[in-house]
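Each chain, letter by letter, is given below.
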Amino acid sequence: MKNFKYLYDLGKNAIKGKNVIFCSIVRNCAHNLQNNIPTIEKIGSFFKDYKVIIFENNSLDNTKEILHHWSTHNKNISIHIANYDESKFEKIPVPSGYNKSNCKRRIQKMAEYRNQYLEYIDSHNIKSDYIIVVDLDVAKIDIMGVISSFGIQQEWDVIASNCYSRSPHLKKRYHDTYALIEDGTENMPQSEDVIDKNRYSWANLSYNMPFIRVFSAFGGLAIYKYESIKGLRYYVIDNLYGGVEVKCEHVSIHEGLNIKGHNRTYINPNMKIKYQDTLSTILKKIKLILHS
């Protein structure tokens, strides 16, 4: 495996004549959104051209104002702001014994909101070489890590992030294990036990490690070949096992990719995404102690 800096240099050279579309859905993420805007613009600057497509919904902080300001100062930004009636999602029951974070009520909503950017790209016939789906509420995006993904030597369809956070006990963990399906386990149901276990068994990914083949992953930022994801949509996949009612909406995209024969998905250990500041984790822990 080539070292991180070498892959970064290869990546810069590989994308200087390419186009990319950044896609995101946002809500109540003003602080991190403000910090991530220059990061997205910097990553975009490595490409021949870039566009950003963002769908916002129902924010109560100043997310809307930040997005409006961004779009008025950058011609590459397409912002769609709305307050949706979410009552139809609230009417979806959460069965007893299932966690609200991985229930149909939540994932149906996430799938419909995420489909907005895919439908926008298709309906406006926007062409590109790559689509980068990014959660703009994350604490930090490693710019060099993102660019290093384009230096990979083997053929690929999706490259997902090495996402990390700290547990309430301040232990490092791989954050997005709900979207993570290990290669060869795609036909097995998920369980909360496996999701929890993977947080720590995948926690030690680091720079210069080989890219890891998986069936599904996201991690706050994932790069898709445009031709691979073109025409696909997010949807709900029943799981009904081990406290997990449905699978993550990102898994449905990978199921669609697999059907199309575009299932070469890797996690890039160099592409680090920090989900939250350690200080925020400490403050949350203090609140739990004070209210226990």
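Residues numbered from 1 in each chain as written. Predicted model: local features only at pLDDT ≥ 70, side-chain atom pairs only at ≥ 80, totals over all residues. Heavy atoms only, no water.

Where an unreviewed UniProt entry is consulted, the chain appears under the name Glycosyltransferase family 2 protein, with the organism given as Phocaeicola coprophilus.

Looking only at helices and strands, the chain has 10 helices and 13 strands in total. On C-alpha atoms alone, the chain measures out to a radius of gyration of 19 Å, which is about the 19 Å that the 2.2 N^0.38 rule sets for 292 residues. Each principal axis of the C-alpha atoms in the chain carries an extent, and together these give about 50 × 45 × 40 Å. Looking at the chain residue by residue over its 292 residues, the buried ones come to 51%. Restricting the contact set of the chain to residue pairs at least 6 apart, pairs at least 24 apart contribute 83%. When the accessible surface of the chain is summed, it comes to about 13800 Å², and 51% of that surface belongs to carbon and sulfur atoms. Charge separation in the chain, taken as the distance between the mean sites of 39 positive and 31 negative side-chain charges, equals 5 Å. (Helix = DSSP H or I, 4+ residues; strand = E, 2+ residues; numbered from the N terminus. Rg over C-alpha atoms; globule rule 2.2 N^0.38 Å. Buried < 20%, exposed > 50% of the residue type's maximum accessible area, 1.4 Å probe, protein only. Contact = heavy atoms within 4.5 Å. Areas by Shrake-Rupley, 256 points an atom, 1.4 Å probe, with all protein chains shown as cover. Lys, Arg positive; Asp, Glu negative; His and termini not counted. Charge placed at Lys NZ, Arg CZ, Asp CG, Glu CD.)

With respect to burial, strand β4 (residues 130-134) is a largely interior element, 5 of its 5 residues being buried. Alternating residues of β4 divide into Tyr130, Ile132 and Val134 and Ile131 and Val133, and every residue in both groups is buried. In terms of strand pairing, strand β1 (residues 19-26) meets β4 through 4 bridges, oriented parallel. Residue Val20 lies in a different strand from β4, and its bridge partner there is Tyr130. Inspection of the sheet shows β4 paired to strand β10 (residues 221-225) by 5 bridges, in the antiparallel sense. (Pairing = 2+ DSSP bridges.)

This paragraph deals with the packing of helix α5 (residues 104-123) against helix α9 (residues 249-260). Interaxial distance between α5 and α9 falls to 9 Å at its minimum, and their mutual angle equals 55°. As the angle between them shows, α5 and α9 are arranged oblique. Judged by residue contacts, Ile107, Met110, Ala111, Arg114 and Leu118 of α5 engage Glu249, His250 and Ile253 from α9. Residues belonging to the contact of α5 with α9 are distributed by class as follows: 5 nonpolar, 1 polar and 2 charged. (Axes fitted to C-alpha atoms, helices over the stretch in contact; angles between N-to-C directions. Parallel < 35°, antiparallel > 145°, perpendicular 65-115°, else oblique. Nonpolar A, V, L, I, M, F, W, Y, C, P; charged D, E, K, R; others polar.)

Moving on: α9. The first and last C-alpha atoms of α9 sit 17 Å apart over 12 residues, in line with the 16 Å expected at 1.5 Å per residue. Turning to α9, its buried residues are Glu249, His250, Val251, Ser252, Ile253, His254, Gly256 and Leu257. Gly261 sits one or two residues past α9 and shows a positive phi near 85°. (Expected span 1.5 Å × (residues − 1).)

The next thing to look at is the nonpolar core. Residues Tyr117, Ile141, Leu221, Ile223 and Ile267 are the most contacted members of the largest nonpolar core, which totals 88 residues. Top contributing element to this core by residue count: α5, with 8 residues. Discounting chain neighbours no more than four positions away, the residues touching Ile223 are Tyr130, Ile131, Ile132, Val146, Ser149, Phe150, Trp156, Asp157, Val158, Ile159 and Met271. (Core = buried A, V, L, I, M, F, W, Y, C linked by side-chain atoms within 4.5 Å.)

With that out of the way, let us pick up the confidence of the model for the chain. With 95% of its residues at a pLDDT of 70 or more, the chain shows a mean pLDDT of 94. For the stretch residues 281-292, pLDDT sits under 50, and the model shows 9 contacts to residues farther than four places along the chain or on other chains. (pLDDT = per-residue confidence, 0-100.)

Looking at the element boundaries, Glu249 is found in helix α9. Of note is the side chain of Glu249, whose polar atom sits 3.0 Å from the side chain of Arg114. Residue contacts for Glu249: discarding those within four places in its chain leaves Ile107, Met110, Ala111, Arg114, Tyr234 and Tyr235. (Polar contact = N/O pair within 3.5 Å; in protein donor to acceptor, adjacent residues only side chain to side chain.)

Attention now goes to the packing of aromatic side chains. Applying the stated criterion across every chain yields a total of 13 aromatic pairs. Seen from their ring centres, Phe4 and Tyr207 are 4.7 Å apart, and the 10° between their planes marks the pair as stacked. Remark: Tyr207 occurs in the loop between α7 (192-201) and β9 (212-216) and Phe4 occurs in helix α1 (residues 4-15); sequence separation between them is 203 residues. Measuring from centroid to centroid gives 5.5 Å for Phe47 and Phe150, while their planes differ by 85°, and the two rings are edge-to-face. In this pair, Phe47 sits in the loop between α2 (30-45) and β2 (49-57) while Phe150 sits in the loop between α6 (143-148) and β6 (158-166), placing the two residues 103 residues apart along the sequence. Aromatic rings pair up to connect Phe47, Tyr130, Phe150 and Trp156 into one cluster. Directly above the ring of Phe218 sits Arg114, whose terminal nitrogen or CZ lies 5.4 Å from the centroid. (Phe/Tyr/Trp six-rings, centres within 6.5 Å; stacked < 30°, edge-to-face > 60°. Lys NZ or Arg CZ within 6 Å of the ring centre and 35° of its normal.)

What follows is about the pairing of β1. Here is the key point about a regular strand: its side chains alternate between the two faces of the sheet. Most of β1 is tucked away, with 7 of its 8 residues classed as buried. In terms of strand pairing, β1 meets β2 through 8 bridges, oriented parallel. Within β2, the position partnered with Ser24 by the bridge is Ile54. Taking the sense of rotation as the criterion, the β-α-β connection linking β1, α2 and β2 turns out right-handed. (Right-handed = clockwise from strand over helix to strand, strands pointing away.)

So, on to unusual backbone geometry. Among all residues save glycine, negative phi is the norm, and among peptide bonds the norm is trans. Phi is positive for Leu170, which is not a glycine, with a value near 65°. Residue position: Leu170 is located in the loop between β6 and β7 (172-174). Not every positive phi belongs to a glycine, and Leu240 is a case in point at roughly 50°. Positionally, Leu240 belongs in strand β11 (residues 238-241).

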